Amino acid sequence: MTGGQRGPDLGVCYYPEQWPEEKWAEDAARMVVLGLTWVRVAEFAWALIEPEPGRFDWGWLDRAVETLGNAGLKVIMSTPTAAPPKWLVDLYPEILPVGADGHVRKFGARRHYCFSSPVYRREAARIATALAERYGRNPHVHAWQIDNEYGDHDTVHSYSPAAEAAFRDWLRARHGTVEALNEAWGTAFWSMLYTDFAQVQLPNQLVEEPSPTHLVDYLRFSSDQVVSFNRMQAEILRRLSPGRPITHNFMNQNTDFDHHRLGQDIDVASWDVYPLGNLIHGRLPEALKQRHLRTGDPDQPGFNHDLYRGVGRGRVWVMEQQPGPVNWAAQNVAPMDGMVRLWSWLAFAHGCEMVSYFRWRQAPFAQEQFHTGLLLPDSTPDQAFHEVAQVAEEMRAMPEMGPRGRAEVALVLDYASRWALAALPQGRNFNPSHHALDFYAALRRHGVDLDIIGPETDLTGYRLVVAPDLVIVPEGFVQRLAASGAKAVFGPRSGSKTADMHIPDGLPGGPLRDLIDVRVTRVESLPDWQVETAAMGNRRVTLRRWRETVETGDGVLARFEGGYREGAPAVVGNDRARYLAGLPDAEGLGLVLTDALDWAGVAHLPDLGDLRLARRGGVTFAFNFGPEAVQLAAPEGARFVLGGPVLDPAGVAAWV
Amino acid sequence: MTGGQRGPDLGVCYYPEQWPEEKWAEDAARMVVLGLTWVRVAEFAWALIEPEPGRFDWGWLDRAVETLGNAGLKVIMSTPTAAPPKWLVDLYPEILPVGADGHVRKFGARRHYCFSSPVYRREAARIATALAERYGRNPHVHAWQIDNEYGDHDTVHSYSPAAEAAFRDWLRARHGTVEALNEAWGTAFWSMLYTDFAQVQLPNQLVEEPSPTHLVDYLRFSSDQVVSFNRMQAEILRRLSPGRPITHNFMNQNTDFDHHRLGQDIDVASWDVYPLGNLIHGRLPEALKQRHLRTGDPDQPGFNHDLYRGVGRGRVWVMEQQPGPVNWAAQNVAPMDGMVRLWSWLAFAHGCEMVSYFRWRQAPFAQEQFHTGLLLPDSTPDQAFHEVAQVAEEMRAMPEMGPRGRAEVALVLDYASRWALAALPQGRNFNPSHHALDFYAALRRHGVDLDIIGPETDLTGYRLVVAPDLVIVPEGFVQRLAASGAKAVFGPRSGSKTADMHIPDGLPGGPLRDLIDVRVTRVESLPDWQVETAAMGNRRVTLRRWRETVETGDGVLARFEGGYREGAPAVVGNDRARYLAGLPDAEGLGLVLTDALDWAGVAHLPDLGDLRLARRGGVTFAFNFGPEAVQLAAPEGARFVLGGPVLDPAGVAAWV
Amino acid sequence: MTGGQRGPDLGVCYYPEQWPEEKWAEDAARMVVLGLTWVRVAEFAWALIEPEPGRFDWGWLDRAVETLGNAGLKVIMSTPTAAPPKWLVDLYPEILPVGADGHVRKFGARRHYCFSSPVYRREAARIATALAERYGRNPHVHAWQIDNEYGDHDTVHSYSPAAEAAFRDWLRARHGTVEALNEAWGTAFWSMLYTDFAQVQLPNQLVEEPSPTHLVDYLRFSSDQVVSFNRMQAEILRRLSPGRPITHNFMNQNTDFDHHRLGQDIDVASWDVYPLGNLIHGRLPEALKQRHLRTGDPDQPGFNHDLYRGVGRGRVWVMEQQPGPVNWAAQNVAPMDGMVRLWSWLAFAHGCEMVSYFRWRQAPFAQEQFHTGLLLPDSTPDQAFHEVAQVAEEMRAMPEMGPRGRAEVALVLDYASRWALAALPQGRNFNPSHHALDFYAALRRHGVDLDIIGPETDLTGYRLVVAPDLVIVPEGFVQRLAASGAKAVFGPRSGSKTADMHIPDGLPGGPLRDLIDVRVTRVESLPDWQVETAAMGNRRVTLRRWRETVETGDGVLARFEGGYREGAPAVVGNDRARYLAGLPDAEGLGLVLTDALDWAGVAHLPDLGDLRLARRGGVTFAFNFGPEAVQLAAPEGARFVLGGPVLDPAGVAAWV
Ligand SMILES: [Zn+2]
Ligand SMILES: [Zn+2]
Ligand SMILES: [Zn+2]
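Residues numbered from 1 in each chain as written. Chains lettered and ligands numbered in written order. Predicted model: local features only at pLDDT ≥ 70, side-chain atom pairs only at ≥ 80, totals over all residues. Heavy atoms only, no water.

S.K.: Describe the overall build of chain A, and please don't skip the residues or the numbers.
M.R.: Along its length, chain A carries 18 helices and 25 strands. Its C-alpha radius of gyration of 25 Å places chain A within 12% of the 26 Å reference for a compact globule of 656 residues. Considered along the principal axes of its C-alpha atoms, chain A spans approximately 75 × 70 × 40 Å. By element, 50% of the accessible surface of chain A is carried by carbon and sulfur atoms, the whole surface being about 19,700 Å². (Helix = DSSP H or I, 4+ residues; strand = E, 2+ residues; numbered from the N terminus. Rg over C-alpha atoms; globule rule 2.2 N^0.38 Å. Areas by Shrake-Rupley, 256 points an atom, 1.4 Å probe, with all protein chains shown as cover.)

This is the structure we're talking about:
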């Protein structure tokens, strides 16, 4: 790992502290036989490492690392800061986070800390240092994970006194003077003027919504707190454990902090793949949820692989792969047999270097006892165990895949724009995470590979850049886009706010007007039951939830139909960029975006239905997310290196 | 305004403090050219007028008034008490309101004050006095607005220590002795007896609901606090600014305080007209919401015009007319082009003297940046600008309309009865605001003009009085009704509670029995999906959500059908009054109320569908709230003074 | 009552403190004429008995008891601890309960006390002692009720400092050492280790869910607090009022405390019968709610009669029978005329000794003024009065019914298992109270009489034992079941947790494996819209919300169909026991359970639809819960002792 070919590898999450020491060696041996090479440990082990203030009990963890390493496994060591011990909470109750309701969030589960607490930062540094000193040069420790799932349980946002103090400092640094803050927040509006930064409070429990700039600044501040907390630990690890890559395990399209910025401070991005719970809580209409109940949304895992590959600047792992039913969703369904294998190969196809399963063995106690593993609680193999064995065997037969490479199409996910939308959604049913996935899915259904990038990412080489919701266009973005030669498609609301969360001079469109002549004179959010339609040539595009009135001197590619402002532009554009004056639904996006692919000269296929294709190096993978077998249209002369031309449900094939 | 003909006039809400001073003169000039004569200012300007305790900065406002006045505009000056400055909150944190959840509601938006805070009352009086001393005799200041939208953001009800103390005083004044309170509240019921007023607490955060009399007393107290807070300011303005009418801008059918009582202390009622958000949050079934998505509920604006005309004892303004999409509803749709004109003429047709648009120019910053204005943020005209110009031109061609005059039909809205229903709804889907609008709409759909009155209003001259929910019949009401000779229709639950919120002796009906023989022996609230039917002659009336069993010696006009108590009376009556033993739905109300119109000798038309007619003086107006053009059935010899016999969607016509 | 034949009797709840003393004698006389023999008093009378600390006002209650007793009524005296007076709350604010939101729940309604408050326990003992000393040997006092409706308004669970202190003591007693607690709770899981019991907090307001064992221990603790609070009062009454049976009035299938354990400390169980509100809030799909809108769920009252008959070890009363519309449900509908009679006879048929109506006269004031009674507020008879008169008359003609006797089928309701499900529901739509009623209803629809028993109940004599959700199988249960010779049917999740809330060694099924070979390797919770199907012979069983994968060496009686794990066992079994690997819906349960009846040799009838039959002694009762008349299939030679062979809606018949 620390040199040469990177993966594909398999791994597992393991908790020696949860099992009798007698089992460790047998567990490690079975992991190796199964074909695993990586094992993550210790991310919730603080109280076991340091059972009382300053007294460390390293013995058990030393022996665990030794046992695992001697078996031939590479250990991913974790800093255990996601769950401070009770004695620490009792010593320093001020480290607990405070909810938006003003109540302290108590000890008893995990993530019970406020990112702004200086005491907690000191303590987190202390335990990270102790761990890094102990294991930083341990030959079995090949990588580090910092903390665990930042943002889980809505813990990025705390309303503690520490957060308030830190927020005031942050505002001072951002705005310089209170006059500048007043200007930015528009405090003249409702007599909200401040004369001192010390007057500013956190934006919870107000009579009515705060200034959106107040709110957006709080969201930015909260993101920065996560980034700096993480960087503090990364610096410790880098100093004390040179040469070992550092990661953090992200979650499904979480937007509570700027992952691109945090990604700068780690070596590999990793994320936790739980497609079935995300289906239940996700974007699809009920009929499609039913169709994909045990396969998950076909595009949710790929979206995140592509996103975190960008966050990791090319390097991405799966740290936790769902192995079976889990415990945390509204309902917890089983994956169809074969899906664990499918998801594993899907990860590799999207460029992941490693897939690690959560977890080795199902715990028969505590909160996650309904979360399955590779083994049942009685150590017999569960379904996933057999599927992982199959993957391991198939990996041995797979030719060198090579790197994933740059895609022709990039989709922009900008966290700052998401906060802008969160601060002023304007429609209660406006869900940009769902919209981004809709745009992504429309392209993926036509066989297109994508990169998901941040607005600062180098754009060179892309043929088409799709920005579903680039509300705040960063300085220089338009210039870099123009220079890249890529065509661009912007979703509605793009360019609609300045960095201070104002409407731009000259109306929305704002900086985009250097690319495309679009001036948005009116916006509407629409109830779920309202359908707008537009004619695009002789095709009909249906749009929902958002509609704009735009003026343009450029071309009009589609026009609204029906009683309201009939003939108004629905899609406008020139030879460099297009702008959507509404939110097409899934089918509408298919029309609009395949038209854009043709325009940009990107090859695509007819609608693939439940099938998804992904290319990595010279290998093309196919995945069946549907309930029926599919006949593949592999090119003449294709040689199957995995499976064959008929793909059963949950089936995977690959050819070169 | 201060004499002679009153309106029709146009106006606008303007915030000089939100724009560079260089723009003021141009803005003022454009307002005048557009045809506006009134301009409201300063209702959120406290922190700009008094940037620190006791230091006043009058200069900018002096110059703004001067600029506007010199351009020919009449200024409506506002007391800025809806948004106290941060320094005031920091000096006196006890002025903040406390929510029903027991948490202080923080600074950062608006309406962050508790009506019961003696400190805030002192400070409000101080700033109102300072403003009135400064501008009370300013020749450009022609009217005053006190505060802004009492009740917005649920701010009438506070659970602060100040509110608790004031509530105890209020109870002492109302009940005299704690024994009387115990009797009224029925504290013998659950061992709830008090021995001292000081033991009584506010009715939030109880284990289970409080005594309904406890709750109703709290709602009455809260209303009284608003009334006395307003009166305190009105007295200051009357003293220091003689001859200028005083107004307050009310909201859509808010029932958190007694508008009729507050109306006694002002000279003109005004209200804020936002039909589209009210459609989304309103009473109509989904199919009708869809039909009227961009025109709004055809009856919501008229209802409030008629209501506040009564509250203003004949004088009513529109202070804020929606000019396009706004920002606060669940979804914010655009009005169909033409609707701003339609709403303007509708207001005049319902007797409004003035229509003022909110706002001159859309703000590109702060909370309401999605709230449109007459101008876009870049000062170019938005759709409403053009429609206002058209209205201004049409006004010049309109003959003198004369006063609106007394209607033949009055609908009673009694705030005390609404609190009674809020305290004991008995069905979670029982929404009296919706029901009142349903009754109103059934009559308006048949071309009937109405007055909406309070229970103390003089009844002389009405042919028909409709009381959808006069739960508590005030002393003397029945006598005045009998004396007036008007026929009356009472909705279910009328007469069902005494002033102390008890069931009347002799059962519900109570004081109504002096008019009509009705004894309610049973009431039922019904789930939304349950439909009851009654036969009224050979017509079928469907009823929902509420049904009663009544005994009567008077006539039975309709009888229930179906399995439960078949044949029981559904509508009963004599030659003076009728009583409904259930809640007919929209169609059922059409049958029941047109029958009552015939009985009362009030002329009416067949169902008008999307069309609404309104008469003012000699002029009859017609408004099309539907998606299709309508052919008007204007009388022979009618002369059109606006539009013609074919009414397009959003169309307006008028004839004499 | 205190000897000889027990019932059937009628009674009523009466509140002399709510009415002028002049009315008492007349009320008492009318009760006797109506045929009532029991009258419950004083359960909310503390503040009237002890208006200030230590000063007792016994006079009114002495006279009330005297008046009622002299009229010939037997008084059920109540301890008034459900509603402590305001002066007590003001003296000791710490007695108030604290909600899960961390806020004190205020005085002003009822049940405003924390079971863990030592001060409140002392005060409750003091008032109970005073009452028992006063009335313990009063010749008119024939029984006692302790407190009122434990658990109403979610008051079993308090998060006060007193509860926290008591919880720590409870944990010390249960676990002995903190190491044992750590083991049981699995605190190694997320670094949740404790080093001292004093560190443990109540499981509210955490960042994420607590350990399920933490939660289950809190639920057990809370139950124990209710049991010991009740026992404390029972001991006082037993000592000071010998020979009078003690009861408590339970609620519809409340599972917040262990009713079987509390039942050990009382002599008769009683419960409060409100079928219509329970229909609205209950398990049935909308179409059946509509069908039974005014008759209620046909099985909800019977379920509770059978349950509380077991809790009372054979003795059960109805303490509060709904007499008409009530006040507390989302909607409050009227019972069809005849239903009060039907419910009364239903109670007797299910073995109740006494049916007492709530209440004598509708109160025209306070919280429950929409709760009807036998009399209207003006003392005229309401519908129920006439129906009770009919019941009284019919009772005189009814032959001796004899005891209800042991049923052939027992359904197990285990409170500890319910807490296990509450702590780890795994599906948000998993509602075990509904499921238990579904199982019960499927059997009742086929004419089967049941006992509802606890897991400690003697199983001798049953042919079939049905355990819908015996999650935690108590020690010895399996042995006693085997010894009894009864066949058993276990619902899914049975045997899935140990007493410490862990997955059992060898996987779920756990201790059941001594009866049946079942090893659950996978569980799934399913969204409401997902339907699974299984083939059982040539019949199709549909299942919802829960599905398991089981391994068995026993027989497979039904197998899943469809795309996921087709052919997997859905029902498995041997000659002693069957296990359901999913939750059949109503129809599916009919198939599965009638098949089990045949297997167990229990006679049953075809689906009875809206009809229900119940046997007591030699008498068979029939009840029509439907909207259409039903022709009864009474056996040849049956002699009707009530009604006849045609049963109108709400009709009752009985034959011998
Ligand atoms: Zn709170
Ligand atoms: Zn407003
Ligand atoms: Zn009750």
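On we go.
S.K.: Go over the relation of the copies chain A and chain B, please, and point to the residues and values.
M.R.: Of the transformation superimposing chain A on chain B, the axial component is 0.0 Å and the angular component is 120 degrees, with the fit at an RMSD of 0.0 Å. Seen this way, the second copy is the image of the first under a three-fold rotation axis. Using C-alpha coordinates, one finds that chain A approaches the rotation axis most closely at Asp101 of chain A, a distance of 5.5 Å. (Least-squares fit on C-alpha atoms with pLDDT ≥ 70 in both.)

S.K.: Tell me what's going on with unusual backbone geometry, and back it up with residues and numbers.
M.R.: Of note, the amide linkage connecting Gly7 of chain A to Pro8 of chain A takes the cis form, showing an omega dihedral of 0 degrees. Note that Pro8 of chain A resides in the segment before strand 1 (9–13). Its identity as a non-glycine residue notwithstanding, Glu149 of chain C has a phi of 45 degrees, on the positive side. Tracing the chain through its elements places Glu149 of chain C in the loop between strand 4 (141–145) and helix 6 (161–175).

S.K.: Run through the relation of the copies chain C and chain A, naming residues and quoting values.
M.R.: Superposition record for chain C on chain A: RMSD 0.0 Å, screw rotation 120 degrees, translation along axis 0.0 Å. An asymmetric contact is evident, with only 2% of the interface residues of chain C recurring at the interface of chain A. (Contact = heavy atoms within 4.5 Å.)

S.K.: Can you lay out helix 3 (residues 59–71) of chain B for me, pointing to particular residues and giving the numbers?
M.R.: Residue and element names in this part refer to chain B. For helix 3, with 13 residues, the first-to-last C-alpha span of 18 Å sits near the 18 Å given by 1.5 Å per residue. On its buried side, helix 3 packs onto helix 1 (22–34), strand 2 (38–41), helix 2 (46–49), strand 3 (74–78), helix 5 (118–135) and strand 4 (141–145). Gly72 lies just past helix 3 and shows a positive phi near 110 degrees. (Expected span 1.5 Å × (residues − 1).)

S.K.: Explain the environment of Pro432 of chain A to me, and be specific about the residues and the numbers.
M.R.: Residue and element names in this part refer to chain A. In this fold, Pro432 is placed in helix 16 (residues 432–444). For the pair Pro432 and Phe197, spaced 235 residues apart in sequence, the C-alpha to C-alpha distance is 32 Å. The residues contacting Pro432, other than those within four sequence positions of it, are Arg418, Leu421 and Asp469.

S.K.: Give me the coordination of the zinc ion (ligand 1): which residues, what numbers.
M.R.: Taken together, His103 of chain A (NE2), His103 of chain B (NE2) and His103 of chain C (NE2) make up the protein donors of the zinc ion (ligand 1), found 2.0 to 2.1 Å from the metal. Here the residue His103 of chain A occupies a position in the loop between helix 4 (86–91) and helix 5 (118–135), and His103 of chain C occupies one in the loop between helix 4 (86–91) and helix 5 (118–135), the pair thus bridging two chains. A relative accessible area of 15% places His103 of chain A in the buried class. (Donors = N, O, S within 2.8 Å, 3.2 Å for Na, K, Ca; no water. Buried < 20%, exposed > 50% of the residue type's maximum accessible area, 1.4 Å probe, protein only.)

S.K.: For the sheet that holds strand 5 (residues 246–250) of chain C, give the residues involved together with the corresponding values.
M.R.: All names here are of chain C. Read once around its circumference, the closed barrel built from eight strands follows the order 1-2-3-4-5-6-7-8, with strand pairing classed as parallel. Looking at each pair of strands side by side, their axes are set apart by 30 degrees on average, direction ignored. Note: strand 3 (residues 74–78) against strand 4, four bridges, orientation parallel. What sits directly across from Met77, in strand 4, is Trp144. Docked against the sheet, helix 13 (residues 339–349) engages strand 1 (9–13), strand 7 (316–321) and strand 8 (354–357), running at close to 150 degrees with respect to strand 8. (Pairing = 2+ DSSP bridges. Axes fitted to C-alpha atoms, helices over the stretch in contact; angles between N-to-C directions.)

S.K.: Give me the interface of chain C and chain A: which residues, what numbers.
M.R.: Contact with chain C, which involves 51 residues of that partner, is made by 65 residues of chain A. Here chain C and chain A share an interface that buries about 4,900 Å² over both sides, 56% of which is from carbon and sulfur atoms. Along the contact surface separating chain C from chain A lie five salt bridges. For Arg522 of chain C, the salt bridge goes to Asp382 of chain A, with nearest N and O atoms at 3.8 Å. (Buried area = accessible area lost by both parts, 1.4 Å probe. Salt bridge = Lys/Arg side-chain N within 4 Å of Asp/Glu carboxyl O.)

S.K.: Go over the environment of Arg134 of chain A, please, and point to the residues and values.
M.R.: Residue and element names in this part refer to chain A. The residue Arg134 is located in helix 5 in this model. A sequence separation of 270 residues divides Arg134 from Arg404, and the C-alpha atoms of the two residues are 36 Å apart. If we ignore the near neighbours within four places in the chain, the residues touching Arg134 are Trp58 and Asp62.

S.K.: Please give an account of the nonpolar core that cites residues and values.
M.R.: Met77 and Phe490 of chain A, Met77 and Phe490 of chain B together with Met77 and Phe490 of chain C are the most contacted members of the largest nonpolar core, which has 643 residues in total. Sequence-distant contacts of Phe490 of chain C, that is, excluding residues within four places in its chain, are made with Ala467, Leu470, Phe477, Leu481, Leu512, Leu515, Ala577, Arg578, Tyr579 and Leu580 of chain C. (Core = buried A, V, L, I, M, F, W, Y, C linked by side-chain atoms within 4.5 Å.)

S.K.: Give me the domain arrangement of chain A: which residues, what numbers.
M.R.: Residue and element names in this part refer to chain A. The domains assigned to chain A are domain 1 (9–156 + 227–397), domain 2 (163–214), domain 3 (409–600) and domain 4 (612–655). The straight-line distance from the C-alpha centre of domain 1 to that of domain 4 is 30 Å. Interface of domain 1 and domain 4: buried area, both sides summed, is about 1,500 Å²; carbon and sulfur atoms make up 66% of it. Considering only the side of domain 1, the residues that lose the most area to domain 4 are Arg291, Leu342 and Ala349, jointly responsible for 32% of the buried surface there. The interface formed by domain 1 and domain 4 holds two salt bridges in total. On inspection of domain 1 and its partner domain 4, the count reaches six residue pairs in polar contact (both at pLDDT 80 or more). Looking at the side of domain 1 that touches domain 4 element by element, the count peaks at eight residues for helix 13 (residues 339–349). For the side of domain 1 that touches domain 4, the residue count by class is 10 nonpolar, six polar and five charged. (Domains from an automatic or database assignment. Polar contact = N/O pair within 3.5 Å; in protein donor to acceptor, adjacent residues only side chain to side chain. Nonpolar A, V, L, I, M, F, W, Y, C, P; charged D, E, K, R; others polar.)

S.K.: Outline the UniProt feature "active site" (unreviewed entry) in chain A, listing residues and values.
M.R.: All names here are of chain A. Here the UniProt feature "active site" (unreviewed entry) sits at Glu149 and Glu320. The annotated residues occupy 172 residues of the chain but converge on a single region, no pair of C-alpha atoms lying more than 10.6 Å apart. When its relative accessible area of 6% is taken as the criterion, Glu149 is described as buried. In contact with Glu149, not counting residues within four places along its chain, are Arg110, Arg111, His248, Asn249, Met251, Asp272 and Glu320. Turning to its location among the elements, Glu320 is positioned in strand 7 (residues 316–321). Given the relative accessible area of 5%, Glu320 is considered buried. (UniProt positions renumbered as here; feature names shortened; annotations may be inferred.)

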